[in-house]
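Architecture and fold: a report
If you want the building blocks of each chain, they are given just below.
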Amino acid sequence: MYLLIVFLPLLGSSVAGFFGRFLGSEGTAIMTTTCVSFSSILSLIAFYEVAPGASACYLRIAPWISSEMFDASWGFLFDSLTVVMLIVVTFISSLVHLYSISYMSEDPHSPRFMCYLSILTFFMPMLVTGDNSLQLFLGWEGVGLASYLLIHFWFTRLQADKAAIKAMLVNRVGDFGLAPGISGRFTLFQTVDFSTIFACASAPRNSWISCNMRLNAITLICILLLIGAVGKSAQIGSHTWSPDAMEGPTPVSASIHAATMVTAGVFMIARCSPLFEYSPTALIVITFAGAMTSFLAATTGILQNDLKRVIAYSTCSQLGYMIFACGISNYSVSVFHLMNHAFFKALLFLSAGSVIHAMSDEQDMRKMGGLASSFPFTYAMMLMGSLSLIGFPFLTGFYSKDVILELAYTKYTISGNFAFWLGSVSVLFTSYYSFRSLFLTFLVPTNSFGRDIVRCHDAPIPMAIPLILLALGSLFVGYLAKVDMMIGLGTHFWANSPFVLPKNEILAESEFAAPTITKLIPILFSTSGASVAYNVNPVADQFQRAFQTSTFCNRLYTFFNKRWFFDQVLNDFLVRSFLRFGYEVSFEALDKGAIEILGPYGISYTFRRLAERISQLQSGFVYHYAFAMLLGSTLFVTFSRMWDSLSSWIDNRSSFIFIVSCFYNNK
């Protein structure tokens, strides 16, 4: 049963890929959706056995790589952390598959799309169930490949090509951290197996000396792993690929940003919690990175006009909360927020896709408006998702986001206070852009084309069923899985799968010692953001004119609308420099220069010139040959007799270089 959870999506993807042209669009969709749906049902059974039943499962299938001390096997680990991730991945993916049947029905290449979507669903369980670093890395790279294929699905669109390449390259930057981190773990612990590494993590280790600096080995490994998580989970500096990934079909955006790719970095940090717990420096860096990401993405989203791009920046902001929750050593709360976020974020993306699908693929909110009467069901679904996103009391997002902020406050450190205040201000901006998108899309006077208004329709049944299920999850999952199950003191749910040192356990402190006003700050900020959005956007014309007439406001609008100029700065100072280096140094000086001269081209040219010179000696006269033989014999006898005295004065390498240079000079 456990193996079927992982390999059923692979079966569906293989059938869709190899036999899609024979099965057709409907047959492929039914096959892939059925496989992923059965996988989600089996995940529920595994969840019941492993987490509440306290019965972790370990499967060792076959040897993979075995070389002296290096031993990596095909093994699957099903503990509490794994089964929670499997519930999220398989359940959200099955709903996305069901939604895609109707959404992609008019696309002639829908079998290829369902194949790619299922292969993404296969690689994510492969990542979360791996019992060693190499298997995790296999799933990690597979998720990146599948996301590239899905973002690049409409490959005739230039923006889709650029977005897919950007996502791939930015994630490669993160992999430059993850791969040395895995190598460092093997160097330090002589194994890639998680159980052995975590058992030895508490043992004191020697420092590494590099560039005349003494570096703590565990800290260095954790920082390298963090670089990998930053690239995959779209944290500050590497977040630019996430909004651009909106060029793919909307089900792709929902799958990548809710359940699969961006959650891989958070899962990896939670999985490696025994290492991070013994590196306070790495935890501080994680906290600062997550807090800055949540604030950066929230402020960027307030003035974006693309509906899907606003939700993408919301994803980056919520991932920042998850990351800095890991930084304050509360991995269980981070994974709890990850699970809650998957439901309401998938609901928001699929609701936005319903609007975009009916409005002839229009994504600009300024060209919508007044759609509440045409899309009453979609409007209700999007309202539920937005309320859950901003942490409205007693909805799913409330039970995890507020706990994260309280924990940050009661950490009583500079990094904790930094994360608390940036996270609280981000709540204000999150509420603003969530309700701004609702107002501009559904409530303000219409600004749409007449042909779109006439032809628009609400979500059909195959698209409505996933929205209803996700709405139920956005309303009740947080309440059902809250205290005494996933994040309560004394709960045995996690069974030590995210490991926390006793000195870092502050859940009781946040529950009983945090002031009441501190617990009310997120609610006050979310209410303030909603009221500002209500008062500003119904009169958007006056608001826009105020920004256009004021120089400072105009520059501020441009700054946020252009995403803090991150793309421009990265392109001007990094990308162009690397491209210039790649052409002038790597291509011209090395590939077409030194390597060709000293490599195949140079050797072939040298021997060709040498053969031409020797061929000129062939005169055809016998006395010339006799003279050459006599001269050669004389020189050979002379040098062989005098070699002992001449060897100290003659350098063989210099003689070779001299001979070769003679041929080049006579070219």
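Residues numbered from 1 in each chain as written. Predicted model: local features only at pLDDT ≥ 70, side-chain atom pairs only at ≥ 80, totals over all residues. Heavy atoms only, no water.

Things to note about the overall build of the chain
Within the chain, the regular secondary structure consists of 28 helices and 4 strands. If one aligns the C-alpha atoms of the chain with their principal axes, the spans along those axes are about 110 × 65 × 60 Å. Taking all 667 residues of the chain together, 53% fall into the buried category. Of the roughly 29,700 Å² of accessible surface on the chain, a fraction of 67% belongs to carbon and sulfur atoms. Averaging the positions of the 38 positive and the 37 negative side-chain charges in the chain gives two centres separated by 7 Å. (Helix = DSSP H or I, 4+ residues; strand = E, 2+ residues; numbered from the N terminus. Buried < 20%, exposed > 50% of the residue type's maximum accessible area, 1.4 Å probe, protein only. Areas by Shrake-Rupley, 256 points an atom, 1.4 Å probe, with all protein chains shown as cover. Lys, Arg positive; Asp, Glu negative; His and termini not counted. Charge placed at Lys NZ, Arg CZ, Asp CG, Glu CD.)

Some words on helix α10 (residues 263-271)
Counting buried positions along α10 yields 9 of 9 residues, so the element is predominantly enclosed. Where α10 is concerned, the buried positions are T263, A264, G265, V266, F267, M268, I269, A270 and R271.

Section: a nonpolar patch on the surface
Where nonpolar side chains cluster on the molecular surface, the patch consists of I461, I465, I468, L469, L472, F476, Y479 and L480 and spans about 790 Å² of accessible area. Its location among the elements puts L472 in helix α19 (residues 461-480). (Patch = residues over 30% accessible without salt bridge, like charges linked within 9 Å, V, L, I, M, F, W, Y side chains within 5 Å. Salt bridge = Lys/Arg side-chain N within 4 Å of Asp/Glu carboxyl O.)

Regarding the side chain of S100
Assignment of secondary structure puts S100 in helix α2 (residues 80-103). Judged by its relative accessible area of 1%, S100 is buried. If near-sequence neighbours (up to four positions away) are discounted, S100 is found in contact with S105, F113, M114, L117 and P251. (Contact = heavy atoms within 4.5 Å.)

Topic: the packing of aromatic side chains
Inspection of the entire model under this criterion finds 29 aromatic pairs. Plain terms: the ring middles of F194 and F198 are 5.5 Å apart, the flat faces sit at 10° to each other, and that makes the pair stacked. You can see F194 and its partner F198 sitting in helix α6 (residues 194-200), 4 residues apart, about one turn around the helix. Judged by relative accessible area, which is 2%, F194 ranks as buried. When the ring of F493 is compared with that of W494, the centres are 5.1 Å apart and the planes differ by 85°; the resulting orientation is edge-to-face. (Phe/Tyr/Trp six-rings, centres within 6.5 Å; stacked < 30°, edge-to-face > 60°.)

Focus: the pattern of salt bridges
By the definition in use, this model includes 9 salt bridges. In this structure, E612 and R609 form a salt bridge, with 3.1 Å as the shortest nitrogen-oxygen distance. Taken as a pair, E612 and R609 lie in helix α26 (residues 600-616) at a separation of 3 residues, close to a single helical turn. Note on E612: relative accessible area 36%, which makes it partly exposed. Given a relative accessible area of 16%, R609 falls into the buried group. Through salt bridges with shared partners, one network takes in E141, R172 and D175.

Some remarks on the nonpolar core
I92, W241, I269, F276, M339 and M486 are the most contacted members of the largest nonpolar core, which has 179 residues in total. No other element matches helix α14 (residues 331-358), which puts 18 residues into this core. Leaving out residues up to four positions away in the same chain, M486 has contacts with V84, S332, F336, M339, A481, F493 and W494. (Core = buried A, V, L, I, M, F, W, Y, C linked by side-chain atoms within 4.5 Å.)

Here we look at the UniProt feature "domain: NADH-Ubiquinone oxidoreductase (complex I) chain 5 N-terminal" (unreviewed entry) in the chain
Following the UniProt record, the feature "domain: NADH-Ubiquinone oxidoreductase (complex I) chain 5 N-terminal" (unreviewed entry) maps to residues 64-114 here. A helix fraction of 57% and a strand fraction of 25% characterise residues 64-114, whose end C-alpha atoms lie 30 Å from each other. (UniProt positions renumbered as here; feature names shortened; annotations may be inferred.)

A closer look at the pairing of strand β2 (residues 70-78)
Here strand β1 (residues 57-67) runs beside β2; their pairing, made up of 9 bridges, is antiparallel. Bridge pairing in β2 places P63 opposite S73. Count of turn residues in the β1/β2 antiparallel hairpin: 2 residues, of which E68 carries a positive phi of about 55°. (Pairing = 2+ DSSP bridges.)

Let's talk about unusual backbone geometry
Its identity is not glycine, yet Q190 carries a phi of approximately 60°, on the positive side. Along the polypeptide, Q190 turns up in the loop between α5 (158-189) and α6. The phi dihedral of S329 falls on the positive side, at around 65°, and the residue is not glycine. On the basis of relative accessible area, S329 is assigned to the buried category, the value being 2%.

Quick notes on the side chain of R309
Structurally, R309 is set in helix α13 (residues 307-327). Beyond its immediate chain neighbours, meaning those up to four positions away, R309 contacts P243, D244, M246, E247, Q304 and R563.

Points about the environment of F429
Inspection of the secondary structure assignment puts F429 in helix α17 (residues 414-443). Setting aside residues no more than four positions away along its own chain, F429 makes contact with F295, A298, T299 and I302.

Some details on helix α15 (residues 376-389)
The end-to-end C-alpha distance of α15 is 20 Å, a good match for the 20 Å that 14 residues give at a rise of 1.5 Å each. At its buried positions, α15 is contacted by α13, α14, α16 (398-409), α17 and α19. Among the residues trailing α15, G391 stands out with phi positive, at a value near 80°. (Expected span 1.5 Å × (residues − 1).)

So, the confidence of the model for the chain
Looking at the chain as a whole, its pLDDT mean stands at 83, while 92% of the residues score no less than 70. Mean pLDDT across the secondary structure elements of the chain bottoms out at strand β3 (residues 208-210), with 59, and peaks at helix α12 (residues 280-301), with 90. (pLDDT = per-residue confidence, 0-100.)

Things to note about the environment of V266
Here V266 is to be found in helix α10. A relative accessible area of 0% places V266 in the buried class. Once the C-alpha coordinates of V266 and I218 are considered, the two residues, 48 residues apart in sequence, prove to be 19 Å apart.

Structural notes on the state of the cysteines
Counting across every chain of the model gives 0 disulfides. No disulfide involves C222; its sulfur sits 7.9 Å from that of C272, the nearest cysteine. Free cysteine C326: the closest other cysteine sulfur is in C272, separated by 11 Å. Residue classification places C326 among the buried positions, given a relative accessible area of 0%. (Disulfide = S-S within 2.5 Å.)

Overview of the environment of F394
With respect to the helices and strands, F394 occurs in the loop between α15 and α16. Residues F394 and A464, spaced 70 residues apart in sequence, show a C-alpha to C-alpha distance of 24 Å. Setting aside anything within four residues of it in sequence, one finds F394 in contact with Y399 and L475.

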